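In case you want the letters, here they are:
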Amino acid sequence: LAGAGPAGAQSAGPGADKWAMSVFDRGPALAVSADGLTCQSREQREWHGSRATRGVAGRGKYYYEATVRDEGLCRMGFSTDQASLDLGTCRFGFGFGGTGKKSNNKQFDSYGRAFGKEEVLGCYLDLDNMEIYYTINGEDQGLAFSINNQFKGQTFYPAVVLKNAEMHFNFGDSPFKHKPFEGYKG
């Protein structure tokens, strides 16, 4: 994940030395690849999610990319370790889904546009201003969330929830497909 500063990266469990989706902090029907960069759920009736092995806290601006690999339903974003793995359904998770809805605390609001297979989502977390933004194929979708200041000091983790879908993640170990906004290091 780009931009981790001195107060930035927090580890969470085995494999925490690199950015990856967790094989431990995940739903029972969600598969995570050996490198931790691809998540897949073939469950068609239920959502299954995961959080990354590391998170960020304090100050700074952070970015990661997620590529949709098929036509299932997906939602990605950020959550604290207190959040439900069903991203966006509790107050501790902030997601953006393929239907063009942003979600937090079971409130689903129109945001940006719908997205699908082969599209690349940019996920931005600005801890200096407590804001979350998303892009689709590099196109800014605007401010998604102004995060309540009660969350200052919390650790935020990249998160995903899938229903019959697959996503690939890039936390900055390889070149990003789209250049992050100014101030979000790549």
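Above: the structure in question.
These numbers come from a predicted model, not from an experiment.

Q: Explain the overall build of the protein chain here, please?
A: When helices and strands are tallied, the protein chain shows 0 helices and 16 strands. Here the C-alpha coordinates of the protein chain stretch approximately 40 × 35 × 30 Å along the principal axes. Within the protein chain, buried positions represent 54% of all 186 residues. For the protein chain, contacts bridging at least 24 residues in sequence account for 65% of all contacts bridging at least 6. For the protein chain, the computed accessible surface area is about 8,200 Å², with 45% contributed by carbon and sulfur atoms. Taken together, the 21 basic and 21 acidic charged side chains of the protein chain have centroids lying 3 Å from each other.

Q: Quick question: what am I supposed to make of the environment of V56 here?
A: The topology assignment puts V56 in strand β6 (residues 54-56). The exposure class assigned to V56 is buried, which follows from its relative accessible area of 0%. Between the alpha carbons of V56 and A31 there is a distance of 24 Å; along the sequence they are 25 residues apart.

Parameters and conventions
Residues numbered from 1 in each chain as written. Predicted model: local features only at pLDDT ≥ 70, side-chain atom pairs only at ≥ 80, totals over all residues. Heavy atoms only, no water. Helix = DSSP H or I, 4+ residues; strand = E, 2+ residues; numbered from the N terminus. Buried < 20%, exposed > 50% of the residue type's maximum accessible area, 1.4 Å probe, protein only. Contact = heavy atoms within 4.5 Å. Areas by Shrake-Rupley, 256 points an atom, 1.4 Å probe, with all protein chains shown as cover. Lys, Arg positive; Asp, Glu negative; His and termini not counted. Charge placed at Lys NZ, Arg CZ, Asp CG, Glu CD.

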